[in-house]
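Fold and contact review
What follows is each chain in one-letter form.
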Amino acid sequence: MCRADNLTTFMCRKSKFWSVNLLEPSGPLQACNGIDLPLVVVVVVVVVVVVVVVMVMVVVLVLVVIVVVVMLVVIVVVVMVVVVVLVVVVVVLV
């Protein structure tokens, strides 16, 4: 495999100019399958992805709570208006 620390010592060449699938090594290694990432980098990337996903979920939850609260306020205001109208109608009729 091509390691990040030895990429400068050899290059992974394509055996044909237009072919992406046919790779041949040009150094002491027998395969060129990409770059190995250190475990620390993999762990950091996974942790960052998890943190971002959790943050997005929290933002969505907060937005849902805000929408529910606004809907409740609208319902309360509509009920109050209906009650006031009913009281006015009763007072006028009596």
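Residues numbered from 1 in each chain as written. Predicted model: local features only at pLDDT ≥ 70, side-chain atom pairs only at ≥ 80, totals over all residues. Heavy atoms only, no water.

Along its length, the protein chain carries one helix and four strands. Its helices and strands in sequence order give the protein chain the pattern β-β-β-β-α, from N to C terminus. For the protein chain, buried positions account for 5% of its 94 residues. Of the accessible surface of the protein chain, which amounts to about 8,200 Å², a share of 82% is contributed by carbon and sulfur atoms. (Helix = DSSP H or I, 4+ residues; strand = E, 2+ residues; numbered from the N terminus. Buried < 20%, exposed > 50% of the residue type's maximum accessible area, 1.4 Å probe, protein only. Areas by Shrake-Rupley, 256 points an atom, 1.4 Å probe, with all protein chains shown as cover.)

A few words on the confidence of the model for the protein chain. Here the protein chain averages 78 in pLDDT, and 63% of its residues register 70 or above. Looking over the protein chain, one finds the lowest element-wise mean pLDDT in strand β2 (residues 12-14), namely 47, and the highest in helix α1 (residues 39-93), namely 96. Counting interchain partners and residues more than four positions distant, the pLDDT-below-50 stretch residues 5-18 has 21 contacts. (pLDDT = per-residue confidence, 0-100. Contact = heavy atoms within 4.5 Å.)

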